Amino acid sequence: MKIAVLTSGGDSAGMNAVVRGVVRIGIVKGCETWVVREGYEGLVRGNEENVQQPPYDNIPASKDVTIADPGFLKTLRFGDGTLLRDGTFDHHYGRSLKGRYIIRVGWDDVRGYLPQGGTLIGTARSKAFRTHEGRLKAAFNMIKEGIDALVVCGGDGSLTGADVFRSEWPGLVAELHASGKITEAQATQHGHLKIVGLVGSIDNDMSMTDLTIGAPTALHRICEAIDSINSTAASHKRAFVLEVMGRHCGWLALMAGVAGGADFIFIPERPPEAGRWQEKMCEAISRHRSVGKRKTIVIIAEGAHDSSLAPIKADDVKEVLSETLGLDTRVTTLGHTQRGGRPCYYDRVLPTLQAVEAVDALLEANPDTPSYMIGISENKITRVPLMEAVELTRNVAKAISEKDFAKAMSLRDPEFAE
Ligand code: F6P
């Protein structure tokens, strides 16, 4: 089996561990392994015919090459002993790597991946892959390299894209064959595409899995920020409103609130009553202040809103705290500091274990098995039908948009009772 792995959508800590895990376990299980740079965009672009290939022959296999490329420092080494440097330009040897997106990789190529943040093979939100034309090109580029299995690490949009690609695959192959772009033999050999999804998202916003790759690191980052803010807040007896990521899911805000001892938390799934949250929040904070608390921390998810679905913004909260309680209040938006940086231990262990399951799922896949998403449930790595998980996730968002918050909560957790 020839497996390619790609990362798609917003990056998250642990994506490199996914790539490393898939490549290494793939090799252990006798597969040929490839990476696709820049997510689905790289699949659509493929490898240009007339592009200059890297100089595999004149680089000593045992020597790691340091590249003075501030944008993308990376050394990839082929399993067969030849070297290939990823990135857009190889300053050492003065050769461009432009036009090469689907790259054969070996064991050493992913050395040093575990502790790296972001995704070293790049990610993108590809518009081209959303079109039939783009997916046709992607299918052609994969078949050209002989790839028959794909691991996608991304959020629900990226995983849906993977499933659409798989269900369209026989039609795409027939179209490529009919237009003479692939041979009869290629069409027969690539009749079925094997796909598996791993969830990379800092928001922990996917149903049917307890945790998504990158969420623990983001939470850790927020906790560190709260610790830093606590000391300055207490010094000045100030209030801080901390905005954290999470467009549709309040997991980061809720957990950060618990882990950081916040006074009040706003999450999209449990919206406070429109017109009354101001009073409720002030009541709680006054109580805390009256027993001697010198600082106030309010955490707000970026997608927070009230029960009428009117957005609640950090500045709205600041205004209430300043005007009603007279607190000297500051707003801190953590932004992308939550997404970047080194993965914590769990964002190295979880993707590695899930990569093992992903490769097994691909090896066992046949045209009748669904595309699987690899999750974790009650501390066990799981394999669940990808589209079931995506649909459940969408139903939660739908319930919220219909103001049925109890339904949203019970979809997230069936044991939840209002
Ligand atoms: O989905 C992950 C996420 O981090 C969201 O929490 C946030 O709203 C979004 O990505 C930010 O995306 P971008 O990096 O494109 O601004």
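Remember, it's a predicted structure, so these values are computed and weren't measured experimentally.

## Here we look at the packing of aromatic side chains
Then, number 1: Tallied over the full model, the rule gives six aromatic pairs.
Then, number 2: Judged by centre distance (4.0 Å) and plane angle (5 degrees), the ring pair of tyrosine 40 and phenylalanine 129 falls under stacked. One end of the pair, tyrosine 40, is in helix 2 (residues 39-45); the other, phenylalanine 129, is in the loop between strand 7 (102-104) and helix 3 (132-145), with 89 residues separating them in the sequence.
Then, number 3: Assessed through its relative accessible area of 5%, tyrosine 40 is described here as buried.

## Structural notes on helix 8 (residues 277-290)
Then, number 1: Taking 1.5 Å per residue as the helical rise, helix 8 with its 14 residues ought to reach 20 Å, and the 20 Å between its terminal C-alpha atoms agrees with that figure.
Then, number 2: Among the residues making up helix 8, those that are buried are Trp277, Met281, Cys282, Ala284 and Ile285. Buried residues in helix 8, looked at end-on, bunch into an arc of 165 degrees, giving them a common side. Opposite the buried face of helix 8, at more than 90 degrees from it, the exposed residues are Arg287 and Ser290.
Then, number 3: Where the residues of helix 8 are buried, they touch strand 11 (264-266), strand 12 (296-301) and helix 9 (314-325).
Then, number 4: Glycine 292 occupies a position one or two residues after helix 8 and carries a positive phi of about 105 degrees.

## Focus on the pattern of salt bridges
Then, number 1: Scanning the model with the defined rule gives 15 salt bridges in all.
Then, number 2: Two residues, arginine 383 and glutamate 357, come together in a salt bridge whose shortest N-O distance is 2.9 Å. Taken together, the residues arginine 383 in strand 15 (residues 380-385) and glutamate 357 in helix 10 (residues 346-364) connect sequence positions 26 residues apart.
Then, number 3: Linked through salt bridges whose partners overlap, the residues forming this network are Arg238, Asp328 and Arg330.

## Here we look at the side chain of arginine 24
Then, number 1: Residue position: arginine 24 is located in helix 1 (residues 15-28).
Then, number 2: Aside from chain neighbours lying at most four places away, what touches arginine 24 is Trp107, Asp108, Val110 and Arg111.

## Focus on the pairing of strand 1 (residues 2-7)
Then, number 1: The buried fraction of strand 1 amounts to five of the six residues, a majority that puts the element mostly inside the structure.
Then, number 2: The pairing of strand 1 with strand 2 (residues 32-36) spans four bridges and is parallel. When the bridges of strand 2 are listed, isoleucine 3 appears paired with threonine 33.
Then, number 3: Crossover connection from strand 1 via helix 1 to parallel strand 2: handedness right-handed.
Then, number 4: Strand direction decides the pairing type here: strand 1 and strand 8 (residues 149-154), joined by five bridges, are parallel.

## Some remarks on the site of the ligand
Then, number 1: The full set of residues close to the ligand is Arg125, Ile202, Asp203, Met245, Gly246, Arg247, Glu302, His336 and Arg339.
Then, number 2: Residue glycine 246 places a main-chain N or O atom 3.3 Å away from an oxygen atom belonging to the ligand.
Then, number 3: Surface burial for the ligand is 75%, taken as the share of its 400 Å² of free accessible area covered by protein chains.

## Quick word on the confidence of the model for the chain
Then, number 1: For the chain, per-residue confidence averages 87 on the pLDDT scale, and 88% of positions sit at 70 or higher.
Then, number 2: Quick note on the complex model: pTM equals 0.89, ipTM equals 0.93.

## Some points on a nonpolar patch on the surface
Then, number 1: A surface patch of nonpolar side chains, about 260 Å² in accessible area, is lined by Ile27, Val28 and Trp107.
Then, number 2: As for its placement among the helices and strands, valine 28 is situated in helix 1.

## With respect to the sheet that holds strand 12
Then, number 1: The four strands lie next to each other as 11-12-10-13, forming an open sheet whose pairing is parallel. Each edge of the open sheet is held by one strand with a lone partner, namely strand 11 and strand 13 (329-333). The average undirected angle you get between the axes of adjacent strands in this sheet is 15 degrees.
Then, number 2: Across the sheet, helix 7 (residues 251-260) touches strand 10 (239-244), strand 11 and strand 12, and the angle it forms with strand 11 is around 170 degrees.
Then, number 3: Relative to the sheet, helix 8 contacts strand 10, strand 11 and strand 12, its axis offset from that of strand 11 by approximately 155 degrees.

The rules we used
- Residues numbered from 1 in each chain as written.
- Predicted model: local features only at pLDDT ≥ 70, side-chain atom pairs only at ≥ 80, totals over all residues.
- Heavy atoms only, no water.
- Phe/Tyr/Trp six-rings, centres within 6.5 Å; stacked < 30°, edge-to-face > 60°.
- Helix = DSSP H or I, 4+ residues; strand = E, 2+ residues; numbered from the N terminus.
- Buried < 20%, exposed > 50% of the residue type's maximum accessible area, 1.4 Å probe, protein only.
- Expected span 1.5 Å × (residues − 1).
- Arc of directions from axis to C-beta.
- Contact = heavy atoms within 4.5 Å.
- Salt bridge = Lys/Arg side-chain N within 4 Å of Asp/Glu carboxyl O.
- Pairing = 2+ DSSP bridges.
- Right-handed = clockwise from strand over helix to strand, strands pointing away.
- Near = heavy atom within 4 Å.
- Polar contact = N/O pair within 3.5 Å; in protein donor to acceptor, adjacent residues only side chain to side chain.
- Areas by Shrake-Rupley, 256 points an atom, 1.4 Å probe, with all protein chains shown as cover.
- pLDDT = per-residue confidence, 0-100.
- Patch = residues over 30% accessible without salt bridge, like charges linked within 9 Å, V, L, I, M, F, W, Y side chains within 5 Å.
- Axes fitted to C-alpha atoms, helices over the stretch in contact; angles between N-to-C directions.

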